[in-house]
Amino acid sequence: MSSSQVPAAGAPPVVSPARVLAGLCLLVPIVVVLWVPSYSKISPELGGMPFFYWYQLLWVPVSALFTGAAYLLIRRDEAARKAAPAVPVLPAQPSDGGRS
């Protein structure tokens, strides 16, 4: 980890609960749609359309809702980071152990 990626003391953690939840919001639609055996069937039909098709189409707006929720979580987390008090930078210690 480079020094630019290390959070300052007192700064919010890089991985916050909001970011984890946002990641889960993005992961749910992917896992559900890739788990084909869960919806690989014909019945029940909806308007004459087999379950296999309408289930996948149902996930289009549901995925948009999950993505929107992830966006809002990240946006709120970024706002909280910006509102956090600035951490003062301490002066660097001399490399000679203070014997100068």
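Refer to the structure printed above.
Let us look at the structure shown here. (Residues numbered from 1 in each chain as written. Predicted model: local features only at pLDDT ≥ 70, side-chain atom pairs only at ≥ 80, totals over all residues. Heavy atoms only, no water.)

Considering the overall build of the chain
Looking only at helices and strands, one finds two helices and zero strands in the chain. Considering the chain as a whole, with its 100 residues, one finds that 14% of them fall into the buried category. In the chain, 59% of the contacts between residues at least 6 apart in sequence involve partners at least 24 apart. Per element, the accessible surface of the chain, about 7,800 Å² overall, is 70% carbon and sulfur. (Helix = DSSP H or I, 4+ residues; strand = E, 2+ residues; numbered from the N terminus. Buried < 20%, exposed > 50% of the residue type's maximum accessible area, 1.4 Å probe, protein only. Contact = heavy atoms within 4.5 Å. Areas by Shrake-Rupley, 256 points an atom, 1.4 Å probe, with all protein chains shown as cover.)

Quick word on the packing of helix H1 (residues 17-34) against helix H2 (residues 51-83)
In a pair of packed helices, the angle between the axes and the distance between the axes together describe the arrangement. Between H1 and H2, the least distance of the axes is 8 Å, while the angle of their chain directions is 170°. One element, H1, and the other, H2, form an angle in the roughly antiparallel class. Relative to H2, H1 is oriented so that their crossing is left-handed. Across the interface between the two elements, Ala-18, Arg-19, Leu-21, Ala-22, Cys-25, Leu-26, Val-28, Pro-29, Val-32 and Val-33 of H1 pack against Tyr-55, Trp-59, Ser-63, Phe-66, Thr-67, Ala-69, Ala-70, Leu-73, Ile-74, Asp-77, Glu-78 and Arg-81 of H2. (Axes fitted to C-alpha atoms, helices over the stretch in contact; angles between N-to-C directions. Parallel < 35°, antiparallel > 145°, perpendicular 65-115°, else oblique. Left-handed = near helix turned anticlockwise from the far one by under 90°.)

What about the nonpolar core?
With five residues, the main nonpolar core is built from Val-32, Tyr-39, Phe-51, Tyr-55 and Trp-59. Sorting elements by how many residues they give to this core places H2 first, with three residues. Not counting the four nearest positions on each side in its chain, Val-32 is found in contact with Ser-38, Tyr-39, Tyr-55 and Trp-59. (Core = buried A, V, L, I, M, F, W, Y, C linked by side-chain atoms within 4.5 Å.)

Looking at the pattern of salt bridges
Scanning the entire structure with this criterion turns up three salt bridges. A salt bridge links Arg-19 to Asp-77; the shortest N-O distance between them is 2.7 Å. With Arg-19 in helix H1 and Asp-77 in helix H2, this pair connects stretches of sequence that are 58 residues apart. Accessibility expressed as a relative area gives 26% for Arg-19, which makes it partly exposed. Between Asp-77 and Arg-81 there is a salt bridge, and its shortest N-O distance comes to 3.0 Å. Here Asp-77 pairs with Arg-81, and both are found in helix H2, just four residues apart, close to one helical turn. The class for Asp-77 is buried, based on a relative accessible area of 10%. Salt bridges sharing partners connect three or more residues here, namely Arg-19, Asp-77, Glu-78 and Arg-81. (Salt bridge = Lys/Arg side-chain N within 4 Å of Asp/Glu carboxyl O.)

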